[in-house]
Amino acid sequence: MASQVENRFKVRRENWLEDHPKFKEIQAYGYYDGRGSLARAVMAVYLDLCESKHWFGVRLHPCESIKIAYITGKRTKKSTMEVVVPLTVDTALTTEEIQNILQEVTHCELESKDEGCETFKVTIGFCEADSTVVYYDFFQGLVPPDPPDEEREEEVKPKWKRTRHMKAKSS
């Protein structure tokens, strides 16, 4: 009898994701009913940030206004808090929808008063069904480019291409 009870709670290859405490937290928000692939995308991005990218202080947050969960964390211990919004790769977004995500997540983050979070940039993590994640940074408004490095400018001098001049052979 005891072995049957132990087997029921044993994590198996088939149920490890659904039994993960963070996955249960994601489902508890109630945003992903009928959208299981999006809930799995949130979990995949969360695990990628924690296990592959080794971010610090990774936490899940709900954004009630757009019915989506977002993730905050730090790339290094001393860096500022960053915001990541997980989506599936097949999510079609217009520029207006991207702008709405940026505004609403920024608003939710300012309301939560998460310390050290710069919300002028939001990273969207697009997750494929095989758990491949691609990250894109989105900013509010226009962001000026970084100034060029002086050393780099000196290295990028035009190089003259040498060409061979062949003498025409006479027969």
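Residues numbered from 1 in each chain as written. Predicted model: local features only at pLDDT ≥ 70, side-chain atom pairs only at ≥ 80, totals over all residues. Heavy atoms only, no water.

(A) Up close: the pairing of strand β1 (residues 56-63). Pairing analysis gives 6 bridges linking β1 to strand β2 (residues 68-74), with the strands arranged antiparallel. When the sheet's bridge partners are listed, Leu 60 is paired in β2 with Ile 71. Where β1 folds back onto β2 in an antiparallel hairpin, the turn is made up of 4 residues, including Lys 67, whose phi is positive at roughly 55 degrees. (Pairing = 2+ DSSP bridges. Helix = DSSP H or I, 4+ residues; strand = E, 2+ residues; numbered from the N terminus.)

(B) Layout of the layout of surface pockets. When its volume is computed, the largest pocket comes out at roughly 350 Å³. Take the lining of the largest pocket: its biggest share by element is 8 residues, from helix α3 (residues 36-52). Tallied by class, the residues present in the lining of the largest pocket amount to 10 nonpolar, 4 polar and 4 charged. Taken as a whole, the second largest pocket spans an internal volume of roughly 190 Å³. Lining of the second largest pocket is provided by Arg 35, Leu 38, Ile 66, Lys 67, Ile 68, Leu 87, Thr 91, Leu 93, Glu 97, Asn 100 and Ile 101. With 3 residues, the single largest contributor to the lining of the second largest pocket is helix α4 (residues 95-112). Split into classes, the residues belonging to the lining of the second largest pocket amount to 6 nonpolar, 2 polar and 3 charged. (1 Å grid on protein atoms, 1.4 Å probe; cavity = no way out; pocket = protein on both sides within 12 Å on 5 of 7 lines; lining within 4 Å. Points joined across faces, edges and corners; volume = space filled by probe spheres on them. Nonpolar A, V, L, I, M, F, W, Y, C, P; charged D, E, K, R; others polar.)

(C) Inspection of the packing of aromatic side chains at higher detail. Going through the model one piece at a time under the given rule, you end up with 2 aromatic pairs. A ring pair is formed by Tyr 29 and Tyr 31, whose centres lie 5.9 Å apart and whose planes are at 25 degrees; its orientation type is stacked. By relative accessible area, Tyr 31 is classed as buried at 8%. Where Phe 126 meets Tyr 136, the ring centres are 6.0 Å apart and the plane angle is 70 degrees; that geometry is what we call edge-to-face. Residue Phe 126 is found in strand β4 (residues 117-127), and its partner Tyr 136 is found in strand β5 (residues 133-139); the two are separated by 10 residues along the sequence. Using a relative accessible area of 14% as the deciding quantity, one classes Phe 126 as buried. (Phe/Tyr/Trp six-rings, centres within 6.5 Å; stacked < 30°, edge-to-face > 60°. Buried < 20%, exposed > 50% of the residue type's maximum accessible area, 1.4 Å probe, protein only.)

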